[in-house]
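Residue-level listing of the chains:
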Amino acid sequence: MSGAALGIEIVFVFFLALFILHRYGDFKKQHRLVIIATLLAWYLCFLIIFILPLDVSTTIYNRCINRHAVTVAPVNFSQPHTTTVPAVNGTPSANPRREHNEQELPKCFKPWSYIPEGIMPVFWRVVYWTSQFLTWILLPFMQSYARSGGFSITGKIKTALIENAIYYGTYLLIFGAFLIYVAVNPNLHLEWSQLQTIGIAAANTWGLFLLVLLLGYGLVEIPRSYWYGSKKGYLLMKTYFKAAKLMTEKADAEENLEDMMEEVRKVSECIKYNNPLRKCVDTILRKCPPEYQEKMGRNMDDYEDFNEKQNNYPSEKTLVKLHKQVIYSVQRHRRTQVQWRILLEQAFYLEDVAKNESSATRQFVHTFPPQEPENRLFRRFYTPTVEWYWECLLQPWSYRILAVTLALFSAVVVWSECTFFSTKPVLSLFAVFIQQAEKTYNYIYIEMACFLTIFFLSICVYSTVFRIRVFNYYYLATHHQTDAYSLLFSGMLFCRLTPPLCLNFLGLTHMDGSISHQDNRPTAYTMIMGSLKVLPFIADGFYIYYPMLVVILCIATYFSLGTRCLNLLGFQQFMGDNDMTSDLTDEGKELIRREKRKRQRQEDGETRRREWKERYGNQRDETTRNRNVHMDPTELNYTEMSNNRSASKYTRTNRTERDRIELLQDAEPLDFNADTFTDDPLDSESGRYQPGGRYLSMSHSQSRIFDDV
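Keep in mind that what you see is a predicted model, and the values were worked out from it rather than measured. (Residues numbered from 1 in each chain as written. Predicted model: local features only at pLDDT ≥ 70, side-chain atom pairs only at ≥ 80, totals over all residues. Heavy atoms only, no water.)

Counting its regular elements, the protein chain contains 26 helices and 6 strands. Counting across all 709 residues of the protein chain, residues that qualify as buried make up 40%. For the protein chain, the share of sequence-separated contacts (at least 6 apart) that also reach a separation of at least 24 residues comes to 78%. (Helix = DSSP H or I, 4+ residues; strand = E, 2+ residues; numbered from the N terminus. Buried < 20%, exposed > 50% of the residue type's maximum accessible area, 1.4 Å probe, protein only. Contact = heavy atoms within 4.5 Å.)

Structure (structure tokens):
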């Protein structure tokens, strides 16, 4: 099994990162380089978290080997006399000191996941420096490249370099000033390894600032989210609140897209086919939604020649700016549309749970059938009765138990963050667990304890990265709706947060020599980070006392101070004791009701259409068969030829007549507040509505005699 665990985890983590990225990114529409760079950044960060417990168990085994090699001294045969030793089991003992030490020290068992010497240092060096290259150089450049509106690779690279000139220049300025200070000061004689350690410490210090902020939020918010998740009524009210906010954003995105499409239309009509900038306009048109492309294609007149004397044509710089705005507007519009559909499904599900909680039959009944086809084997075991017991009875209690468990784990993390610097006595609970397991060399327990600890810490940090939203510039949206800029930015955050997160974990477990102040053999990861003794004010000051601020951040998160501050600044946040929250909740509730009525009308129309087809379609087939039975062969052949000749005409006329009759029988008032006038799929398919919300019976073919009225 030597090295097999490392290989298995490398493959497993790759598919895990690929699965999560597929949930947020769009492999078909986004650029391959964006997908590869983001996947590599996520993969390296997840790999560090999964491989670090193996490094800890291997280090503990190596410490055991070194301890036996030091304490068990060889026999010195140069001494002139020996001491008589009583026999043990009939055999005299030649080395009583060795026998005494072997009785005190337990035997070193090689762990099942032992990694041979020399592999882990090379592995950590490759992983760490690759992630640092991504986060500080490549990903910032790709962010600007992906967001650029240039029409060529050269133009995009030029724009990216200009935007990152200040970013890269800051690094060079700080590093150059530091080198000048070292060269001028005669008391400092730093080698290359020490400079490398200072650079790593500077990067980890920056990451530790952000790490404590995200960790303090996640330690409170994750248990609280599961506790509130057991309260379906609370979730329903919050969903109504989100619906009101999302509808505002959706309307804003639609209005912004309309404005951009109007600008594109003007530019497309202005720049004709023989204009040198026409290629840029065609590139912009390809980024527009298909319905707008068709409209602009119909209205475009390319028969006018290009006149060089006219100076009212937009410049290439203006087209680059327009291209960038169009990409952003289309992405935002598509994202809000998908999020609105997802939010509607969530609201309908929570309303179904609220209705079924008081059901006497104890069978879960859905208002609308699921949109996606369900697995037959799954539905065979997950019956409506089982679904009712899970959704209405077992799931709330499961969430409460999980919330309490996570809250206890968060309390242990907070306590250990405040006491991990104490080595005598050892107050960090994670260090106590690891040291107790180290005495018996229970490697399975050591690896599981390390993995659960660092996994919980990473969940608290990374989940906050997935939740936070910086206006509309950074936002990780599920269902493949995350743009390239946000994906690359998340990769940068992961690469910057993971190294200080791992160092913080090693400090909590006292596996870092700079924290425990012991001369034990360090882990391979700590050796790559270098000794922080070069910067004692960071090793003995900042790294020790700054994590204690997590207590203040946890208290602020528990009392929702950040939410209250954002609410005071005008950013609507869900707060139960706020009038604005109540107003938005009522507004969202009305929006969900309207969408529910719209969905019901659609399903009722489909049901009536199906019943009408089954009833009158069967009667027509039966009548045709009866007529064919009483016909002679000559008449039958003539009838078949006539039917074949008029099949298309019959379909066009009779189907339209049936649709009109059905529409007149089930006429409902138009919903002028809806997004479109074709709420019913029957209306959109059969063409019952004309533009402007008119029925087909009021079209020109039927109402031409009233044109003069």
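That shown, we press on.
We now examine the nonpolar core. Within the largest apolar cluster, 94 residues are counted, with the highest numbers of intra-cluster contacts made by Trp42, Trp124, Leu219 and Tyr525. Per-element tally for this core: the top contributor is helix H2 (residues 32–71), with 21 residues. In this structure, Met261, Leu277, Leu285 and Leu322 belong to the second largest nonpolar core, which totals 19 residues. (Core = buried A, V, L, I, M, F, W, Y, C linked by side-chain atoms within 4.5 Å.)

Mean pLDDT over the protein chain works out to 77, with 73% of the residues at or above the 70 mark. Ranking the elements of the protein chain by mean pLDDT puts strand E6 (residues 694–695) last with 33 and helix H13 (residues 384–419) first with 93. The low-confidence segment residues 633–709 (pLDDT under 50) makes 71 contacts with residues lying over four places distant or belonging to another chain. (pLDDT = per-residue confidence, 0-100.)

Further remarks concern unusual backbone geometry. Here the residue pair lysine 424 and proline 425 is connected by a cis peptide bond, since its omega of 0 degrees sits within 30 degrees of zero. With respect to the helices and strands, the residue proline 425 is situated in the loop between H13 and helix H14 (429–440). Positive phi, normally seen in glycine, also occurs at tyrosine 441, with a value near 55 degrees. Tracing the sequence through the fold places tyrosine 441 in the loop between H14 and helix H15 (443–467). A relative accessible area of 8% means that tyrosine 441 is categorised as buried.

Right, let's get into the packing of aromatic side chains. For the structure shown, the criterion picks out 31 aromatic pairs. Aromatic side chains phenylalanine 420 and phenylalanine 421 sit 6.4 Å apart centroid to centroid with 75 degrees between the ring planes, which places their arrangement in the edge-to-face category. By relative accessible area, phenylalanine 421 is classed as partly exposed at 33%. An aromatic cluster is present here, built from Tyr24, Trp42, Phe46, Tyr462, Phe466 and Phe494 joined pairwise through their rings. A cation over a ring is seen here: lysine 156 above tyrosine 145, with NZ or CZ 5.6 Å from the ring centre. Seen from the ring of phenylalanine 368, arginine 599 lies directly overhead, with NZ or CZ sitting 5.2 Å from the centre. (Phe/Tyr/Trp six-rings, centres within 6.5 Å; stacked < 30°, edge-to-face > 60°. Lys NZ or Arg CZ within 6 Å of the ring centre and 35° of its normal.)

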